[in-house]
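# Close look at the chain arrangement
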Amino acid sequence: VSRARPLALAALALALALAAAACKSTKSNAPGVRLRQPAAVAVFQGYTLADTGNLKPYLAVANAARNDLSVADAVTGEAIKSPIQLTTLAIPVEERPSLLAAASLGDGKADLLVAVSAGDSVLQVVTTWDPSNAVFSVPGADSPAVDLGADVLALAVVPSAEKTARIAAALAGGGIALVEWKRTEVDPDLAIELVGANVQALGFQAVDLAAMPADLPAGEQKLYAATQDPLAGGLYGVAEISLDLVTVRVLGALAPTRLVAAARLKERQDLATAAGGTAFDGQPRLPRVYAVLDESACGPGEAIDCGIVTLDPALAGGPAIPGDWAGWMPYRAPMRVPGRPLALAVAAPPAEPPSSDPGDAVYQDDLMRLRMKTVDGGTLTLATSGVAAVASDDGNVYFLDLGRFTAATARSPIVARAPGTPAATPVDGKDVWLLDGAGSFPATATEAAATIEVTPGYTPTDTFAVTWQGILPDLEMRAAEAGVAAGEPWLALQSGDGPDAPGRIVNEVVRVWHPALGVRAGDVAVILAEGVPAPCVGKAISSSSKPVFEAKIEALLAPSELHPGGAMQLAPVAAPEPQWTVCYDALKAAVAGGQLLGGLTATIRAQGLVLVGLATGYAGRPPLAAEHRLEYPGKDAEAVLVAACTLEDWDGAVPAPDCLGACRDACEALVLARKARRVHHTFEDCATDPDDDPGACAARWPGTTFPVASGPALAFTAAVRDSTPSLTCPAPPCQVTPGTAQRNLSLRLSGVSGGTTPLLARAPSGAPTHASGAIAFDRSPWKAEDGYRFFVSYPGDLVFDVSPSLDPPDRKTIR
Amino acid sequence: VRRLAMVILALAAGCGENVRLDPGPRDRFYFPTSVGVIDHRLVVASSNSDLRYDDDTGGSLLVVDVVYPMTVAGAINVSSFAGELAIADPADPRSPCPVAAPASGAVVVLPVRGAALVYLARVAAADGRLSCDGCEVAVSGASRGDPFAAGLACGGGVARAYVGYLRTAAGQAILTQIDLTRTDLSADGAVQHAGFTGTGGLIEIGQVRGIAYDASRKRLYLTRTASGSSTSLRWVDLANDCRIDKIGEVGGCRTGTTRSGAVPAGLELRGIALSSSAVSGAPRRAYLSARIYDPVAAATAGVRIGDYDGLLLVVDLAEDLGGSLDFRIVDQIAIGYGASDVRVLPPRAGKRDVVAALAADDGVLWIYDDETGGRVALGRDPVTGAPLVGHVPSGLAVDPVPLAGSAGGVARVYVGSFRENFVTPIDVPLDAPEDACLITSGGTPGGACIAAGASPWRIGGTP
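These numbers come from a predicted model, not from an experiment.

Cut-off values and rules
Each chain has its residues counted from 1, following the order in which its sequence is written. Here the convention is simple: chains get letters from A, ligands get numbers from 1, in the order in which they are written. Per-residue local features are limited, in this predicted model, to residues with pLDDT of at least 70; the limit for side-chain atom pairs, both in listing and counting, is 80 or more; totals at the level of whole chains, interfaces and linings are taken over all residues. Think of the side-chain values as coming from all heavy atoms in the structure, minus any hydrogens and water. The axes used here are C-alpha line fits, helices contributing only the stretch in contact, and every angle between their N-to-C directions lies in the interval 0 to 180 degrees. Under the DSSP-based scheme used, a helix requires at least four consecutive residues in state H or I and a strand at least two consecutive residues in state E, with every element numbered from the N terminus. Here is the rule for angles: anything less than 35 degrees is roughly parallel, anything more than 145 is roughly antiparallel, 65 through 115 is roughly perpendicular, and the remaining ranges are oblique. Crossing handedness is defined as follows: a turn of the near helix away from the far one that is anticlockwise and smaller than a right angle gives a left-handed crossing, while the clockwise case is right-handed. Residues are treated as being in contact if the distance between any of their heavy atoms lies within 4.5 Å. Any residue that is not Ala, Val, Leu, Ile, Met, Phe, Trp, Tyr, Cys, Pro, Asp, Glu, Lys or Arg is counted as polar, Gly included; the first ten are nonpolar and the last four charged. For the purposes of this section, nonpolar cores are sets of buried Ala, Val, Leu, Ile, Met, Phe, Trp, Tyr and Cys residues that join through side-chain atoms within 4.5 Å. Only protein chains enter the calculation, and the probe is 1.4 Å; a residue is then buried if its accessible area is under 20% of its type maximum, exposed if over 50%, and partly exposed in between. To count as a disulfide, a pair of cysteine sulfur atoms needs to be within 2.5 Å. Buried area is calculated as the accessible area (1.4 Å probe) missing from two parts once they are joined, with the contributions of both summed. Take a side-chain nitrogen of Lys or Arg and a carboxyl oxygen of Asp or Glu: if they are within 4 Å of each other, that pair is a salt bridge. The term polar contact refers here to a pair of N or O atoms within 3.5 Å; inside protein, the definition further demands a hydrogen-donor-capable atom paired with an acceptor-capable atom, and it admits residues adjacent in sequence only when both atoms are side-chain atoms. Method remark: on a 1 Å grid restricted to protein atoms, a set of points is classed as a cavity if a 1.4 Å probe fits but cannot get out and as a pocket if it is open with protein on both sides within 12 Å along at least five of seven lines; lining residues have an atom within 4 Å of a point. Grid points are joined across faces, edges and corners, and a volume is the space filled by probe spheres set on the points. At least two bridges found by DSSP between two strands is the condition for calling them paired. Note on ring pairs: Phe, Tyr and Trp rings are taken, using the six-membered ring of Trp, and paired if centres are within 6.5 Å. Classes follow the plane angle, with under 30 degrees stacked, over 60 edge-to-face and the rest tilted. Lysine and arginine charges are scored as sitting over a ring when NZ or CZ, respectively, is within 6 Å of the ring centre and within 35 degrees of the ring normal.

## Section: the packing of helix α4 (residues 637-644) of chain A against helix α5 (residues 662-674) of chain A
Residues and elements named next belong to chain A. With their axes 8 Å apart at the nearest point, α4 and α5 run at an angle of 140 degrees to one another. Taken together, the axis directions place α4 and α5 in an arrangement best described as oblique. As for the relative orientation of α4 and α5, their crossing is left-handed in sense. Together, Glu 638, Leu 641, Val 642 and Ala 644 of α4 and Cys 663, Ala 666, Ala 669, Leu 670, Ala 673 and Arg 674 of α5 make up the contact between the two elements. Partitioned by chemical class, the residues of the contact of α4 with α5 number eight nonpolar, no polar and two charged.

Rendered as C-alpha cells:
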C-alpha cells in the first residue's frame with residue numbers, strides 16, 4: 001500500500017498551516033517595564049525619549065537591585081522604550097536607589113526629580129527637562145545635586161514659590177535639611193539649578209516627613225516629622241517644624257510615630273450620615289496630619305490603640321488629636337488597619353470628575369469618589385474629601401476615608417448585625433447559656449444571639465468564650481516557682497536560675513501583679529504534682545493528663561527581687577481532694593525554710609465565669625444571671641481610672657507601685673475600658689445604604705440612634721441551665737456544683753463582629769507582602785475615568801496601581 | 001580456562017589501590033565558607049566544594065596572620081563541605097568562653113556537612129597554631145544530617161557550642177549542644193540533641209540557621225528557615241544546667257517562641273546578633289537579617305517561595321506582661337538579596353551599636369549605625385559595579401578587639417568570598433561608621449581606604 005498520497009496531503013496541510021500562520025499579523029507582547037526590586041516611586045512631569053517635545057507625566061521607579069530608575073507612562077502604565085528599542089528606558093543612578101521625590105516648580109514646566117541611594121547623603125537630580133534624562137550624581141559648581149552631609153532617611157516635597165522647588169530631607173543623626181532649587185536664569189525654559197540647602201540639628205531622629213499641599217498660605221506651611229523619640233514636654237507624636245527649621249512644636253499623639261502624611265480637607269459634619277457631598281456642606285478646609293503610631297507603645301494595654309491617628313496642627317504644642325465626634329471618647333480614635341503599616345499616601349480630590357455625567361461633577365476639586373458595596377451587592381458611592389492608602393505587611397492595601405476620618409469598609413457595618421453564634425457544650429447535664437431580658441433561656445442559637453448586644457464602631461471582630469472557672473489567658477501551664485510568706489507558700493509564674501541570690505536570672509516573668517492578666521484573690525492555682533517533693537503525687541483529671549493539685553489564691557503579693565512579676569499567696573482550697581492536701585503540705589514543707597522551689601508548672605483558673613476573646617484576651621468576669629457589659633465608660637471616666645490606677649504605666653520594674661483594693665478595681669476597669677474603645681468611626685445610618693430596608697434596619701438596631709451609637713463592645717447575660725431530662729434545676733438559673741466536675745462549662749460566641757469588612761486591594765499572587773513605598777497621583781487630567789491613583793511599590797519587581805474610585809478597587813500591576 | 005582467567009583478572013583488579021586525592025591545600029583558601037577572628041588573627045574554613053581534593057581531608061581550617069602577604073600560623077585539614085565556624089575564646093573581651101583544660105587557647109567549632117562531624121580544633125594562644133587530636137565529634141543521626149550552622153553560649157561559667165542542620169527528618173528544627181567545659185565528650189549529657197515542637201505538639205518545621213546567646217538571661221535565640229506563611233523566633237533557656245534533649249520533661253530546658261504573627265508574614269529570619277550592651281530589665285536590642293518571600297504561595301507549597309529582597313531588622317526583645325517573648329520591630333532597612341550574616345561591632349562608650357550585615361547574593365556588606373540610623377553599603381565598585389568583596393560572599397567576622405587608628409578605635413570586619421577564595425578586610429571607624437571602607441593591602445586601620453577604582457586588599461588573593 002502506497003503511503004505517498006497521505007504523506008503528500010499531510011505535507012500540503014502543514015505548508016498551508018504555516019503559510020496561514022505567516023500571513024497573520026504578528027504582534028509580540030508589549031514588554032513590561034522590567035522592574036527590579038522597586039524601592040520607591042515618584043511621578044514627575046518632564047520629557048523623555050518617548051516624547052521629546054511634550055511635557056508628560058511619568059512614573060519613576062527606583063530599582064534598588066539594578067541601580068537605575070525605570071520610567072513608565074504614568075497614565076497608561078506602559079514602559080518607555082530605551083534608545084535600543086528592545087529594552088525599556090532605565091536611568092542609571094548611583095548605587096541602590098532607595099528614595100525618590102518629584103516636585104513641581106509651579107510654572108507648568110518640567111518637574112524636579114530627586115533620587116537618593118541607600119546610605120547616601122547626596123540628592124541626585126535627574127534632568128527631567130531634557131529627554132536625555134541624564135543624572136547629576138555629584139555635587140559641584142554646575143550641578144544641581146547636593147550633599148547634605150548625613151545619610152538621607154526620608155524625603156518630602158515642600159510647596160514653594162513659582163519657579164522654585166523645595167525638598168525636605170530627614171538625616172541620620174537627628175538632622176533635617178530643606179533644599180531649594182529654581183528654574184535656571186541661563187536657560188529659563190528648561191533647566192533647574194540648586195539655590196541652596198539649610199541643614200539643622202533637630203535633637204530627635206525624624207523617620208518620615210510630610211508637608212501640607214501647596215494651597216496653604218505660605219506663612220502657614222510647616223513640615224511634619226514622624227519620630228519615635230520623645231518631644232517637648234516628654235510628649236510623643238509628630239514634630240511640627242517651621243520652614244526655617246528653627247522652631248519645633250509637638251503634635252501630641254499619645255504614642256511615637258513611624259509614618260506621616262498631611263492633607264488639607266473638609267471633614268464631615270459630626271453627625272452627617274449622607275454618602276454624598278452634603279456631609280461636608282459648610283465645613284471649612286482644615287489642615288490635618290496623619291501618622292502611623294509606633295506599635296511599641298500603642299495597643300489595648302496602652303493609652304491609645306494602634307492605627308493611623310489624626311492630628312490637628314491648630315493644637316500644636318500639646319496633645320493634638322481632635323476630639324471624638326460622638327463625644328464618648330476623650331480623643332478621636334485612630335483608624336485601624338490590619339497588620340503593620342509599611343507605607344502611607346494621601347490623595348486629594350482629582351482635578352477632573354470621573355465622567356461627563358452631571359452626577360459625577362461633584363467628584364472634583366473639593367470632593368472625590370470612594371466606592372463601597374450596598375447590602376444587595378450594588379455600588380454605594382461616597383463623596384469624600386481625602387483618601388489615604390495604607391500598605392500593610394499582610395499584603396493588602398487598605399483605604400481610609402479621611403473626610404469621614406474612618407477606615408473605608410467594603411459595605412456599611414450596620415447592614416448586618418453580627419453578635420456571634422452561641423454554642424454551648426453540656427457538662428454533667430448542665431451548660432452555660434444566654435438569658436433574655438425576661439430571665440428565660442432562649443430556645444435556639446438565633447434567639448440567643450438576639451440577646452447579645454453589640455455596637456457598630458465598638459465591637460471588635462473576635463470569638464469569645466464564657467467559661468466557668470476558665471483558664472485565664474496566657475496563664476496555662478506556665479513555669480512557676482514557690483516560696484514562703486507569712487508561713488504559707490506563694491507561687492510566682494516565672495522561671496529562675498539557681499537558688500535565691502543577688503542578680504539571680506529570672507525569665508518568663510508573668511506580671512500577675514498587673515490587673516491586665518485578670519488574676520484575683522479567690523482564683524484557683526492548679527499545680528502539676530511532678531515538681532513537688534514526696535509524698536505529693538497529685539490527682540489526674542483524666543487518664544491522659546498529669547496529676548495535679550489545687551490551691552486557692554488567697555492574695556496577691558507585690559513584685560520583689562524574688563518574684564519580679566508579683567506572686568500569689570496560696571491557701572488550701574475549701575473542699576480539697578485528699579491528695580491536694582498532701583501536695584499542699586509538701587509544697588509548704590519544701591519552702592518552709594525560706595528556700596525557693598523551682599521547676600513547677602501551674603495554671604491559673606478564675607473562681608467563677610470568665611470572658612476571654614481570642615484576640616481581645618481577658619474581658620472580665622461575667623456574673624451568673626446578671627448582665628456583663630464590656631463597655632467604654634465615657635470620655636471622662638478613663639482619665640479618672642488612670643488617676644486611680646497606679647499601675648497604669650508600670651513597666652515591670654521592681655519595686656512596683658502599691659495597688660490593692662480600690663486601686664486594683666480601678667486598674668481592672670481601666671484594662672477592660674481600653675478593650676472596649678472605639679474601633680471604627682461608623683458614619684452610616686439606616687438611610688445611607690439605599691438598598692437597606694429602613695424598617696428592617698431599625699429593627700436590627702432597636703433603640704440606637706446612628707451615627708453616634710455609643711454602646712458596649714459586647715454585653716450579655718449568661719447563666720447555667722439544666723439540660724437533663726429530669727430537670728434537677730427546673731427554674732433558671734441553676735447553680736454550678738462546687739469542685740472540678742462542672743469546670744469548663746463554656747459558652748462560645750464565635751463570629752462576633754462590628755460588621756466592618758475593610759475595603760482593600762491585594763497585590764497579585766506571587767508577590768511579596770512588604771511594600772517599599774507609596775504615592776498618590778491624580779490621573780484625571782489625562783484620563784478622567786481613572787481618577788486619583790495610588791502607586792505602591794513592592795520589592796517583588798512590581799508596582800501596584802490602584803484606586804478605590806472604582807468598584808471594586810481598580811488595580812493594575814506594573815512589572 | 002577462560003573462567004579461571006576471568007577470576008584471576010577480577011582478583012587482580014581487586015588488589016589494586018583506590019586512587020586517593022590529595023588533602024586540601026593548607027597554604028590558601030579553597031571555597032571558604034566561614035571566617036572568624038581570634039587575637040587579631042583570621043580563621044578561615046575552606047570547604048573543597050568542588051571535591052577537587054580528597055573527600056575526608058579536602059577541607060581546611062586555617063589561622064592566618066593578617067599581613068600582606070598573608071602568613072599561615074596554623075592549619076589542619078578537615079573533611080569536605082565545611083559549614084559556619086564559631087570561636088570559643090577564653091580571652092574574648094566580650095563573652096569569655098571557659099572551654100575545658102588541659103590545652104590552652106580557644107576552640108574553633110566547625111561543623112562539616114558531608115561527614116556530619118563537628119571539629120573542635122584548638123588554637124594555641126601564643127602563636128595561633130591549630131591542633132586537632134581526635135577533636136571530631138560525630139553528630140549524625142537518623143533524623144539529622146549536614147550540620148552547618150554554628151553558634152556559642154559563653155559566659156557565666158557556660159561554654160557550649162550549638163550546631164544546626166541543613167537536612168533533618170520532616171524538616172524539623174534540630175539543634176545539637178556540645179558542652180565545651182567537658183573533656184570527655186562521650187560522657188552523658190556532653191553532647192545533646194534537641195528537636196523542637198510547636199503549637200499543639202506538632203514538630204517545628206524549619207532548619208536552625210541563626211544562633212545567638214544572651215548571657216544576661218542565659219537564653220539562646222534561634223532563627224530557622226521558613227516553611228509556611230510566617231515564622232517565629234525561638235528561645236531556649238539554659239538555666240539550672242538543664243538538658244536540651246529533655247525539653248518538656250523534668251530537668252529539661254524551657255523553650256518557647258514569639259507569639260504568632262509577631263514576626264511579620266513573608267519574612268524568613270536568617271542571621272541574628274544581640275546588642276553588645278545589656279541593661280537589666282530593659283529590652284535587649286537584636287539585629288536580624290530577613291529574606292522577603294511570598295507568604296501566600298509558601299503557605300500552599302510548604303516551603304519558602306521567592307526571595308524578593310532582604311531586610312536588616314532592628315528589634316527590641318523583651319518579655320510582655322504574660323512573660324512571652326515580645327518582638328518589637330524598631331526599624332527595618334532594605335539590604336538586598338541574600339540577607340545572611342549579621343554581626344555587632346565592638347561597643348562604643350555611651351552609644352548604640354554599629355552592625356555589619358551581609359547581603360550575600362548582592363555581594364554587599366552593610367554597616368548600620370544604630371545611634372544615628374546611618375548606613376553605608378560596601379562591596380560594589382562605584383564606577384564599574386564590580387563586586388569588591390566577591391561574587392558570592394560567604395562568612396562574616398568582626399575582630400572583637402578594635403584596632404587603633406581613630407579616636408574611637410577601628411573595628412575590623414572580614415568578608416569571605418566563596419567563589420574567589422579570598423577574604424576582604426574592611427575598616428570601620430567606630431566614631432564615624434559612615435567612613436567605613438575597603439582598605440589597601442597592609443594599610444593602617446582607619447587611614448588607608450582604597451581609592452575609587454582601585455582593588456582592595458584581598459587576603460589570600462591578589463593585593
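## Quick notes on the nonpolar core
Grouped together as the largest cluster of nonpolar side chains are 107 residues, with contacts concentrated most on Leu 311, Leu 491 and Leu 714 of chain A. For this core, the element with the highest residue contribution is helix α3 (residues 578-591) of chain A, accounting for seven residues. Among residues more than four places away in sequence, those in contact with Leu 311 of chain A are Val 238, Leu 251, Gly 252, Ala 253, Pro 287, Arg 288, Val 289, Ala 291, Ala 320, Ile 321 and Pro 322 of chain A. Counting 41 residues, the second largest nonpolar core, distinct from the first, contains Ala 45, Val 108, Val 123 and Leu 152 of chain B.

## Details of the state of the cysteines
For the coordinates displayed, the defined rule picks out nine disulfides over all chains. The residue that forms a disulfide with Cys 536 of chain A is Cys 583 of chain A, at a sulfur-sulfur distance of 2.0 Å. In this structure, the disulfide formed by Cys 536 of chain A and Cys 583 of chain A twists by about 85 degrees around the S-S bond and is classed as right-handed. In this pair, Cys 536 of chain A sits in the loop between β35 (524-528) and β36 (548-557) while Cys 583 of chain A sits in helix α3, placing the two residues 47 residues apart along the sequence. Accessibility assignment for this pair places Cys 536 of chain A and Cys 583 of chain A in one class, buried. A sulfur-sulfur distance of 1.9 Å marks the disulfide that ties Cys 132 of chain B to Cys 135 of chain B. Its torsion about the S-S bond being -90 degrees, the disulfide of Cys 132 of chain B and Cys 135 of chain B is classed as left-handed. Accessibility expressed as a relative area gives 24% for Cys 132 of chain B, which makes it partly exposed.

## Observations regarding the interface of chain A and chain B
Opposite the 47 residues of chain A that make contact, chain B presents 47 residues. For the pair chain A and chain B, the two sides together bury roughly 3500 Å², of which 45% comes from carbon and sulfur. Looking at the side of chain A facing chain B, the largest losses of area belong to Arg 96, Glu 508 and His 770 of chain A, adding up to 16% of the total buried there. Our count for the contact surface shared by chain A and chain B stands at five salt bridges. Ionic pairing is found between Asp 474 of chain A and Arg 259 of chain B, a salt bridge with its closest N-O pair at 2.8 Å. Seen at the junction of chain A and chain B, the total is 24 residue pairs in polar contact (both at pLDDT 80 or more). For the side of chain A that touches chain B, the secondary-structure elements that each account for two or more residues are β31 (478-485), β33 (495-496) and β34 (506-507) of chain A. In terms of residue class, the side of chain A that touches chain B is built from 16 nonpolar, 16 polar and 15 charged.

## Regarding unusual backbone geometry
The linkage connecting Ala 534 of chain A with the following residue, Pro 535 of chain A, adopts the cis geometry, with an omega of 10 degrees. For Pro 535 of chain A, the position within the fold is in the loop between β35 and β36. Residue Pro 69 of chain B follows Tyr 68 of chain B across a cis peptide bond; omega there is -10 degrees. For Pro 69 of chain B, the position within the fold is in the loop between β3 (59-65) and β4 (71-78). Look at Asp 474 of chain A: it is not a glycine, yet its phi comes out positive at around 75 degrees. The topology assignment puts Asp 474 of chain A in the loop between β30 (462-468) and β31.

## Overview of empty space enclosed by the protein
All names here are of chain A. All told, the structure shown has one cavity of 30 Å³ or more when counted by the stated rule. By volume, the largest cavity is sized at about 40 Å³. What lines the largest cavity is simply Arg 264, Leu 265, Lys 266, Arg 285, Pro 349, Asp 365, Asp 366 and Ser 385. The element that contributes the greatest number of residues to the lining of the largest cavity is strand β18 (residues 257-266), accounting for three residues. A class-by-class count of the residues in the lining of the largest cavity yields two nonpolar, one polar and five charged.

## What about the sheet that holds strand β41 (residues 627-630) of chain A?
Residue and element names in this part refer to chain A. Strand order across the open sheet formed by three strands is β29-β42-β41, with antiparallel pairing between neighbours. What marks the edges here is a single partner per strand, and that holds for β29 (430-434) and β41. Shown here is a sheet whose adjacent strand axes are inclined to one another by a mean of 30 degrees, direction ignored. In terms of strand pairing, β29 meets strand β42 (residues 714-722) through five bridges, oriented antiparallel. Paired with Asp 431 across the strands is Arg 721, a residue of β42.

## What about the environment of Gly 390 of chain B?
Residues and elements named next belong to chain B. You can see Gly 390 is positioned in the loop between β25 (375-378) and β26 (393-398). Take Gly 390: its relative accessible area is 0%, and that puts it in the buried class. Along the backbone, Gly 390 and Ser 46 are 344 residues apart, and their C-alpha atoms lie at a distance of 15 Å.

## Focus: the sheet that holds strand β20 (residues 308-311) of chain A
Residues and elements named next belong to chain A. One open sheet holds the three strands; their spatial order is β18-β19-β20, and the pairing between them is antiparallel. Looking at strand neighbours, the two that pair on one side only are β18 and β20, the edges of this open sheet. Here the average twist between neighbouring strands, direction ignored, is 25 degrees. Note that strand β19 (residues 285-293) and β20 share four bridges and pair antiparallel. In the sheet register, Tyr 290 faces β20, and the bridge partner there is Thr 310.

## Observations concerning the packing of aromatic side chains
Applying the stated criterion to the full structure yields nine aromatic pairs over all chains. Ring geometry for Tyr 30 of chain B and Phe 31 of chain B: centres 5.0 Å apart, planes at 75 degrees, overall edge-to-face. In this pair, the class of Tyr 30 of chain B matches that of Phe 31 of chain B, namely buried. One aromatic cluster in this structure is built from Tyr 30, Phe 31, Tyr 53 and Phe 418 of chain B. Sitting above the plane of the Phe 405 of chain A ring, Arg 332 of chain A keeps its charged end 3.8 Å from the centroid.

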